[in-house]
Amino acid sequence: MSTTTTARAVLGAETRLMLREPGALFWIIVFPPALLGILGLIPDFRTPSEDLGGLRTIDLYLPTALILTAIMASLMTMPAVISTYREKLVLRRYATTPARAGDLLFAQGVLHAGAVLIGSGLALLVGYVAYDARIAALGPAALVYVLAVAANLACGALIAGLAPSAKTASVIGTAVFFPSMFTAGVWYPISALPGWAESIVGLTPNGAAVLGLEQAVAGDWPDPVHLIVLVAWTMLAGAVAARYFRWE
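Residues numbered from 1 in each chain as written. Predicted model: local features only at pLDDT ≥ 70, side-chain atom pairs only at ≥ 80, totals over all residues. Heavy atoms only, no water.

A. Molecular detail of helix 11 (residues 224-243). Helix length check: helix 11, at 20 residues, gives a terminal C-alpha distance of 28 Å against a target of 28 Å (1.5 Å per residue), a fit within 8%. Looking at helix 11, one finds that the buried residues are H226, L227, V229, L230, A237 and A241. In a view along the axis of helix 11, the buried residues occupy a sector of 160°, so they form one face of it. Facing away from the buried surface of helix 11 by more than 90 degrees, the exposed residues are P224, I228, M235, L236 and R243. For helix 11, the elements touching its buried residues are helix 6 (101-131), helix 7 (138-162) and helix 10 (205-217). Of the residues that open helix 11, the one with a side-chain oxygen 2.9 Å from the backbone nitrogen of V225 is D223. (Helix = DSSP H or I, 4+ residues; strand = E, 2+ residues; numbered from the N terminus. Expected span 1.5 Å × (residues − 1). Buried < 20%, exposed > 50% of the residue type's maximum accessible area, 1.4 Å probe, protein only. Arc of directions from axis to C-beta. Contact = heavy atoms within 4.5 Å. Polar contact = N/O pair within 3.5 Å; in protein donor to acceptor, adjacent residues only side chain to side chain.)

B. A look at the pattern of salt bridges. All chains considered together, the criterion is met by two salt bridges. Residue R56 pairs with D59 through a salt bridge whose shortest N-O separation is 2.9 Å. Here the two residues R56 and D59 agree in accessibility, since each one is buried. With a shortest N-O distance of 2.8 Å, D132 and R134 are connected by a salt bridge. Relative accessible area serves as the criterion here: at 48%, R134 is assigned to the partly exposed category. (Salt bridge = Lys/Arg side-chain N within 4 Å of Asp/Glu carboxyl O.)

C. Up close: the nonpolar core. By size, the foremost hydrophobic cluster in this structure holds 72 residues, and its most contacted members are I28, I67 and L230. Element by element, the count of residues in this core is highest for helix 4 (residues 57-87), at 16 residues. For I28, the residues in contact, after removing those within four places along its chain, are T69, M72, A73, T77, H112, A115, V116 and G119. (Core = buried A, V, L, I, M, F, W, Y, C linked by side-chain atoms within 4.5 Å.)

D. Region of the structure containing the packing of helix 3 (residues 31-39) against helix 6. Look at helix 3 against helix 6: their axes get within 8 Å of each other, and the N-to-C directions meet at 20°. If you check the angle between helix 3 and helix 6, you find them roughly parallel. At the point where helix 3 passes helix 6, the crossing takes the right-handed sense. Where helix 3 abuts helix 6, its residues P33, L36 and G37 lie against G119, L122, A123, V126, G127 and Y131. (Axes fitted to C-alpha atoms, helices over the stretch in contact; angles between N-to-C directions. Parallel < 35°, antiparallel > 145°, perpendicular 65-115°, else oblique. Left-handed = near helix turned anticlockwise from the far one by under 90°.)

E. A look at the packing of aromatic side chains. Tallied over the full model, the rule gives four aromatic pairs. For the ring pair W27 and F31, a centre distance of 5.5 Å and an interplane angle of 65° mean the geometry is edge-to-face. Accessibility expressed as a relative area gives 23% for F31, which makes it partly exposed. The interplanar angle of 75° and the centroid separation of 5.3 Å between the aromatic rings of F177 and F178 together place this pair among those described as edge-to-face. Judged by relative accessible area, which is 9%, F177 ranks as buried. The partly exposed category is assigned to F178, whose relative accessible area is 45%. One Lys or Arg, R243, reaches over the ring of Y244 and ends 4.9 Å from the middle of that ring. (Phe/Tyr/Trp six-rings, centres within 6.5 Å; stacked < 30°, edge-to-face > 60°. Lys NZ or Arg CZ within 6 Å of the ring centre and 35° of its normal.)

F. Structural context of a nonpolar patch on the surface. Residues I118, L122, L125, Y128 and V129 make up a contiguous nonpolar surface patch of about 480 Å² in total accessible area. Here L125 is to be found in helix 6. (Patch = residues over 30% accessible without salt bridge, like charges linked within 9 Å, V, L, I, M, F, W, Y side chains within 5 Å. Areas by Shrake-Rupley, 256 points an atom, 1.4 Å probe, with all protein chains shown as cover.)

G. Summary view of the environment of A80. Examined against the element boundaries, A80 turns out to sit in helix 4. We classify A80 as partly exposed; its relative accessible area is 31%. Separated by 86 residues in sequence, A80 and A166 have C-alpha atoms that sit 5.4 Å apart.

Here it is as structure tokens:
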């Protein structure tokens, strides 16, 4: 069986399994746009601010909502799926087939990327229809978004590839989840942080993603540093995940 055929077979099997239990996708598809909708109800969030360059707080929360979909997929959903496979010895059966670790990680990445895309689309719809929140530079924003999703899923694959059980994956995912929420600007807009704090946060995948998207919202091209940070996280986490993937 060729490599392409094996990867396609794994993707098909994983798709069928995900469609049987779609409930886990709630946090990816529904939660981020719902959070954006709730935050937009705060009157001050809909008021332009000179400190934000004339933007409104809700304008800056739109990038955060987009990245939040990727965070939910990479930290809360994908690691749980793969580590549960490992715990229930499903991966041991996979290991007896021509499938490689990369095939399974690719399949899960594709499926979760699809869910992230749906959640992001709903967040964009809520932001635009309810609060007239728009992204001025769509092309640069799309580039940052794709890199951000890849970086997050690579980090999720790293956790999924190494966690010996679903409980361990949940503990690790939760431990990383709350700092990721901060670096994505859920608690406080990243661009409103002091310069030194913004620089540090910008070295994280979600900090770089949100800062790049905020620049796109304002109509500017993202700082190349943000793009480099996202590519570096994707390559490093993805390589380690594939190299040290545990079948048992």
